[in-house]
Amino acid sequence: VGWWVVSYVTQPLRVLSQGADTLEFGVALPAGLQSLSGKNNELGKLAYSFLAMKERMDQSYGALETSLVEKEILLKEVHHRVKNNLQIISSILSLQSGALDDCGTGTKEAFEECQDRIQAMALVHEEVYQSGSFEKLHMASYLSKICDTLRLNRGNLRSIEIDTEADDGSLLPLDQAIPLGLIVNELVTNAIKYAFPGNRSGRIQVCFIREGNSWLLNVTDDGSGLPLTDTLKEGVGTQLVRGLVEQLRGSLDYASAPMGGTSISIRIDAQDMEN
């Protein structure tokens, strides 16, 4: 009786238990489960059903995996095409601005600023395409590219240094990274235009760090300083900054930098940025 119990009950149950423990996509089931499924008894039928379930599971997981790969490729292609389209728009604006020499420098500068804003948005899609991450963006690389682009686009102002610093863990959702990138684009552009008159040299520092329960963005220059008056509200760039800060539910503060120049700080609740 003991031999019969071990041979026909205990051992098959042990094989079924091992199969349940190793039930995972891409992992082979115990060899004894196949032989057990050939027996003409209740345990054999159970083993056969177990094998059929494993086969259907592998097929389903395989189809899901293929679908996910296809969707990832599609998303990357979408971001790549959006980036290319934005760059085409930027190029069109550049060509159009070349035909506006007779309209004064103000009109041409407005076109150039629109180019910079479009380029800042295009860089988001470039970062997503290169990193393969479709949910969050690494702000250190993104902000650095924005500042490098601004420096290169304004060839007569290459004597201005632009340094960027961001926490290694500064990963933000795309819908938060885009407005933040536009804010940096506007603040750095304003510093280049107004803080260093007469093509004088200088330095602009962009810092994005985590402080407690908040993210702090600080843009500081060592130039002559922006006028800390209500005239700041008149510019399109300043209005855009204020609107984007309100969108992020943050606070905006203008102050004089310790070594001269202007320091602009934007503080945003970390929970709002990460949700």
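Only a predicted model underlies this, so the values are computations on that prediction, with no experimental measurement involved.

What counts, and at which threshold
- Residues numbered from 1 in each chain as written.
- Predicted model: local features only at pLDDT ≥ 70, side-chain atom pairs only at ≥ 80, totals over all residues.
- Heavy atoms only, no water.
- Helix = DSSP H or I, 4+ residues; strand = E, 2+ residues; numbered from the N terminus.
- Buried < 20%, exposed > 50% of the residue type's maximum accessible area, 1.4 Å probe, protein only.
- Phe/Tyr/Trp six-rings, centres within 6.5 Å; stacked < 30°, edge-to-face > 60°.
- Salt bridge = Lys/Arg side-chain N within 4 Å of Asp/Glu carboxyl O.
- Pairing = 2+ DSSP bridges.
- Axes fitted to C-alpha atoms, helices over the stretch in contact; angles between N-to-C directions.
- Contact = heavy atoms within 4.5 Å.

1. With respect to unusual backbone geometry
Phi angles above zero are rare outside glycine, and Arg249 is one such case at about 55°. Looking at the element boundaries, Arg249 is found in the loop between α7 (236-247) and β6 (250-256). By relative accessible area, Arg249 is classed as exposed at 59%.

2. A look at the packing of aromatic side chains
In the structure shown here, the tally under the stated rule is one aromatic pair. Between Phe208 and Trp215, the aromatic rings sit 4.8 Å apart at their centres with planes inclined by 10°, giving stacked as the arrangement. Comparing Phe208 with Trp215, the two get one shared label, buried.

3. Here we look at the pattern of salt bridges
This model, assessed by the stated rule, comprises six salt bridges. With a closest N to O distance of 2.4 Å, Glu186 and Arg117 form a salt bridge. Placement of the pair is Glu186 in helix α6 (residues 174-194) and Arg117 in helix α4 (residues 105-131), with a sequence separation of 69 residues. An identical accessibility class is assigned to Glu186 and Arg117; each is buried. Here the salt bridges share partners, and the residues they tie into one network are Glu113, Arg117, Glu186 and Lys193.

4. Here's the deal with the sheet that holds β6
Read from one edge to the other, the open sheet built from five strands follows the order β2-β4-β5-β7-β6, with strand pairing classed as mixed. Since the sheet does not close on itself, it has two edges, and those belong to β2 (160-166) and β6, each with one partner. On average, each strand axis in the sheet is tilted by 10° relative to the strand beside it, whichever way the strands run. In this structure, β6 lies alongside strand β7 (residues 262-269), joined through seven bridges in antiparallel fashion. From the neighbouring strand, Ser256 faces β7, where its bridge partner is Thr262. Across the sheet, helix α5 (residues 139-153) touches β2 and β4 (202-211), and the angle it forms with β2 is around 170°. Across the sheet, α7 is in contact with β6 and β7; its angle to β6 comes to roughly 140°.

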